[in-house]
Amino acid sequence: MARTPIVGGNWKMFLDLAGAVQLATDVRHRLGSVRGVEVVVFPPFPFLKSVADRLAESAIGVGGQDLSSETSGAFTGAVAGPMLRSVGCSHVLVGHSERRSVFGDSDEMVARKLAAALAAGLKPVLCIGENLQERQKGETFSVVTRQLRSALAPYAGKTDALADLVLAYEPVWAIGTGLTATPEQAQEVHAHIRQEIADLLGKSFAAALRIQYGGSVKASSAPGLMQQPDIDGMLVGGASLKAEEFAQIVKFRQAN
Ligand code: 13P
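Here the structure is a predicted model, which means the values were calculated and not measured.

Quick notes on the rules
- Residues numbered from 1 in each chain as written.
- Predicted model: local features only at pLDDT ≥ 70, side-chain atom pairs only at ≥ 80, totals over all residues.
- Heavy atoms only, no water.
- Near = heavy atom within 4 Å.
- Polar contact = N/O pair within 3.5 Å; in protein donor to acceptor, adjacent residues only side chain to side chain.
- Areas by Shrake-Rupley, 256 points an atom, 1.4 Å probe, with all protein chains shown as cover.
- Nonpolar A, V, L, I, M, F, W, Y, C, P; charged D, E, K, R; others polar.
- Pairing = 2+ DSSP bridges.
- Helix = DSSP H or I, 4+ residues; strand = E, 2+ residues; numbered from the N terminus.
- Axes fitted to C-alpha atoms, helices over the stretch in contact; angles between N-to-C directions.
- Contact = heavy atoms within 4.5 Å.
- Buried < 20%, exposed > 50% of the residue type's maximum accessible area, 1.4 Å probe, protein only.
- Salt bridge = Lys/Arg side-chain N within 4 Å of Asp/Glu carboxyl O.
- Right-handed = clockwise from strand over helix to strand, strands pointing away.
- Core = buried A, V, L, I, M, F, W, Y, C linked by side-chain atoms within 4.5 Å.
- Left-handed = near helix turned anticlockwise from the far one by under 90°.
- Phe/Tyr/Trp six-rings, centres within 6.5 Å; stacked < 30°, edge-to-face > 60°.
- Lys NZ or Arg CZ within 6 Å of the ring centre and 35° of its normal.

## Re the site of the ligand
Logical step 1: Close to the ligand lie 13 residues; Lys12, His96, Gly176, Ser216 and Gly238 are nearest.
Logical step 2: Lys12 is positioned with one of its side-chain polar atoms (N or O) 2.8 Å from an oxygen atom of the ligand.
Logical step 3: At 2.6 Å, a backbone N or O of Gly176 approaches an oxygen atom of the ligand.
Logical step 4: Here the ligand, which alone exposes 310 Å², has 95% of that area covered by the protein.
Logical step 5: Residues of the shell around the ligand, tallied by class, amount to four nonpolar, seven polar and two charged.

Spelled out as structure tokens, the structure:
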């Protein structure tokens, strides 16, 4: 089954307003009418509206980097899904490893945030992945299986709700370290993830689901990763802050 590749740019906690708008302008210039690949950028919260305005009526989507598990209320500092929608977001990252490891988002919290994203009509990019210690102990498959099950088991038999779900496999040891997983290492885990999803949510759902790879993706590593049968896109951190390199990653087919 042909799955449309999806490439995300996670700007994390970088840039200021002027820099974010400039980056959006540059990305639009290079990718505004790109076809055959879905492109989404994830700016910091304060820049979302300006970036969404700058990318309006282009082929590039905008997403939040996180959201609250709650819809509204006295939750100082938190941002709710409907708020993201109201400033022009189509997507949202859920369970990014930095949210899990730095901010303590548990599997249970990630599951609640996923439900909140779906309730708000946002397209969730659910992030999973093992850390270095877990990989060294041979726990990679069991960690991603646990993360998948805790977030997605509630949707067994109800996959219509997950029509817009995207997964991102981001091995924590490869994020921001310059250590990209080899295409074969990534493929091995992606194949495991797709099998788990087939067991949990059904074969046809698993066959259609897009699974991104993330972790030190560069223009040079993108084509090799995208040749793997179960890698359907990339979630890019550092390299997405450079419009030219991000555009090269999105146009991975032309690099061959
Ligand atoms: P880097 O590409 O900087 O390693 O970041 C990956 C990531 O965490 C994307 O969400």
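From this point, things continue past the structure.
## Overview of the sheet that holds strand β2 (residues 38–42)
Logical step 1: An order of β1-β2-β3-β4-β5-β6-β7-β8 is seen for the eight strands of this closed barrel, with the pairing classed as parallel. Going across the sheet, the axis of each strand differs from the next one's by a mean of 25°, ignoring polarity.
Logical step 2: Bridge count for strand β6 (residues 166–169) against strand β7 (residues 210–214) is four bridges, and the pairing is parallel. Directly across from Val166, in β7, lies its bridge partner Arg210.
Logical step 3: Strand contacts of helix α11 (residues 243–250): β1 (6–10), β2 and β8 (233–236), with the helix running at about 160° to β1, the strand carrying the most contacts.

## Brief notes about unusual backbone geometry
Logical step 1: Despite not being glycine, Lys12 has its phi angle at roughly 45°, a positive value.
Logical step 2: Relative to the helices and strands, Lys12 resides in the loop between β1 and α1 (17–31).
Logical step 3: For Lys12, a relative accessible area of 17% translates into the label buried.

## Description of the pattern of salt bridges
Logical step 1: Per the stated rule, a full pass over the model turns up 17 salt bridges.
Logical step 2: Residue Asp66 pairs with Arg99 through a salt bridge whose shortest N-O separation is 3.3 Å. Pair noted here: Asp66 is in the loop between β3 (60–64) and α3 (81–86) and Arg99 is in helix α4 (residues 97–102), with a separation of 33 residues, a long-range link.
Logical step 3: What makes Asp66 buried here is its relative accessible area of 9%.
Logical step 4: Of the residues examined, Arg99 reaches a relative accessible area of 24% and is grouped as partly exposed.

## Considerations on the pairing of strand β4 (residues 91–94)
Logical step 1: What you see with β4 is no split at all: His91 and Leu93 on one side and Val92 and Val94 on the other are buried throughout.
Logical step 2: Two strands pair when backbone bridges link them, and β3 and β4 are joined in this way by two bridges, in the parallel orientation. Each residue of the ladder has a partner; that of Gly64, found in β4, is Val92.
Logical step 3: This β-α-β element, β3 to α3 to β4, shows right-handed connectivity.
Logical step 4: Across four bridges, the pairing between β4 and strand β5 (residues 123–128) is parallel. When the bridges of β5 are listed, Leu93 appears paired with Val125.

## A word on the nonpolar core
Logical step 1: Residues Leu152, Leu167, Ile193 and Ile197 are the most contacted members of the largest nonpolar core, which totals 69 residues.
Logical step 2: A per-element tally of this core places helix α8 (residues 183–201) first, with six residues.
Logical step 3: Not counting the four nearest positions on each side in its chain, Leu152 is found in contact with Leu114, Leu126, Leu162, Leu165, Leu167, Ile197, Leu200 and Leu201.
Logical step 4: Formed by nine residues, the second largest nonpolar core is a distinct cluster that contains Ile6, Val125, Cys127 and Ala168.

## Points about the packing of helix α7 (residues 140–152) against α8
The packing of two helices is summarised by the inter-axis angle and the distance between the axes.
Logical step 1: For the pair α7 and α8, the least separation of the axes is 10 Å and the interaxial angle reads 35°. Every pair of crossing elements has a handedness; the one defined by α7 and α8 is right-handed. On α8, the residues that touch Thr140, Phe141, Val144, Thr145, Leu148, Arg149 and Leu152 of α7 are Glu188, Val189, His192, Ile193, Glu196, Ile197, Leu200 and Leu201.
Logical step 2: Partitioned by chemical class, the residues of the contact of α7 with α8 number nine nonpolar, three polar and three charged.

## Quick notes on the packing of aromatic side chains
Logical step 1: With the rule as written, the count across this model stands at one aromatic pair.
Logical step 2: Taking NZ or CZ as reference, Arg99 lies 3.9 Å from the ring centre of Phe103, over its face.

## What about the packing of α1 against α11?
Logical step 1: Remark: α1 packs on α11, axes separated minimally by 9 Å, with the N-to-C direction vectors making an angle of 35°. Considering only the axes of α1 and α11, their crossing is right-handed. In contact with Leu23, Asp26, Val27, Arg30 and Leu31 of α1, α11 contributes Ala243, Glu244, Phe246, Ala247 and Val250.
Logical step 2: Classifying every residue of the contact of α1 with α11 gives seven nonpolar, no polar and three charged.

Just distances and angles here, no functional claims.
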